[in-house]
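Given next are the chains, with one letter for each unit.
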Amino acid sequence: MKITHAAFHISVSALSGLPEGSSPEIVFAGRSNVGKSTLLNSLTEVKGLAKTSSTPGKTRLINYFLINNQFFFVDLPGYGYAAVGHEQKAAWGNLLSSYIEHRQTISLIVLLLDSRHPAMHSDRAMINFLEFHERPYGIVLTKFDKLTQKQKVQTGRIMESCAAKAKFIVNYSSFSGKGKSELLAHFDHYIC
Ligand SMILES: Nc1nc2c(ncn2[C@@H]2O[C@H](COP(=O)(O)OP(=O)(O)OP(=O)(O)O)[C@@H](O)[C@H]2O)c(=O)[nH]1
Ligand SMILES: [Mg+2]
């Protein structure tokens, strides 16, 4: 897949505000600060399209970006962000889980895991959730540029033992562009 056009479409804070129609959606999910928004900017090559920050909790809404006037990339708020209150956390959790479980137009969920700590409790819970609801998902291991050789081997072993139903696992660096063409090639299978 080649991305020729990318534009912000809409931000929503409730399921009732989601776009109508049948355009397919590729959704980026993962813990806060794992690099979802940065990956979206790297894939589209539009700097600042999705807002990024070194402080966790930057993305607070479900953000839709229209790609090639054909389908959506969806940037989600991260889970596991400690600095928001319990109530806010529960509200986000409910919104995100309902969205992922029920939204018919989702064609693929891209679960981003930090390649240095790929199997944290919240990530395993997310993988179990996706597998239980039989949602199609693939994994991107982010910030691969930060790994030592030893960590690369360890991460590979850990990933073999969880995420049995993942359609793909891609090692990614938004900074170097590693994994980009591989990931875009996977997307071809989910967008007709
Ligand atoms: N070294 C390195 N840093 C990265 C990479 N991708 C993202 N980062 C950094 O990670 C931090 C968080 O990036 P974001 O894209 O805002 O993370 P997010 O997952 O969207 O975070 P929330 O919106 O809070 O859920 C930023 O400081 C990025 O510069 C990468 O591939 N390599
Ligand atoms: Mg973000």
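Up top is the structure these notes are about.
Residues numbered from 1 in each chain as written. Chains lettered and ligands numbered in written order. Predicted model: local features only at pLDDT ≥ 70, side-chain atom pairs only at ≥ 80, totals over all residues. Heavy atoms only, no water.

A. Main features of the pattern of salt bridges. Under the defined criterion, the tally for this structure stands at four salt bridges. Put simply, Glu25 and Arg103 hold a salt bridge, and the shortest N to O gap is 2.7 Å. Remark: Arg103 occurs in the loop between helix 2 (86-102) and strand 5 (106-114) and Glu25 occurs in strand 2 (residues 25-30); sequence separation between them is 78 residues. Here Glu25 falls in the buried class, since its relative accessible area comes to 1%. According to the relative accessible area criterion, Arg103 is buried, its value standing at 15%. Residue Glu45 is joined to Lys180 by a salt bridge in which the shortest nitrogen-to-oxygen separation is 2.5 Å. Pair noted here: Glu45 is in the loop between helix 1 (36-44) and strand 3 (62-67) and Lys180 is in helix 5 (residues 180-187), with a separation of 135 residues, a long-range link. The exposure class of Lys180 is buried, given its relative accessible area of 16%. (Salt bridge = Lys/Arg side-chain N within 4 Å of Asp/Glu carboxyl O. Helix = DSSP H or I, 4+ residues; strand = E, 2+ residues; numbered from the N terminus. Buried < 20%, exposed > 50% of the residue type's maximum accessible area, 1.4 Å probe, protein only.)

B. Representation of helix 1 in the model. Most of helix 1 is tucked away: eight of the nine residues are buried. Where helix 1 terminates, the next one or two residues include Glu45, which has phi positive at roughly 60 degrees.

C. Layout of the sheet that holds strand 7 (residues 169-171). Taken together, the seven strands give an open sheet; going across it, the order is 1-3-4-2-5-6-7, and neighbouring strands pair in mixed fashion. Edge positions in the sheet fall to strand 1 (6-12) and strand 7, since each of these pairs with one other strand and no more. Geometrically, the sheet is characterised by an average inter-axis angle of 25 degrees between neighbouring strands, direction not taken into account. Sheet topology places strand 2 next to strand 4 (residues 71-75); four bridges connect them, and they run parallel. Residue pairing for strand 4: Ile26 is matched across the bridge by Phe73. (Pairing = 2+ DSSP bridges. Axes fitted to C-alpha atoms, helices over the stretch in contact; angles between N-to-C directions.)

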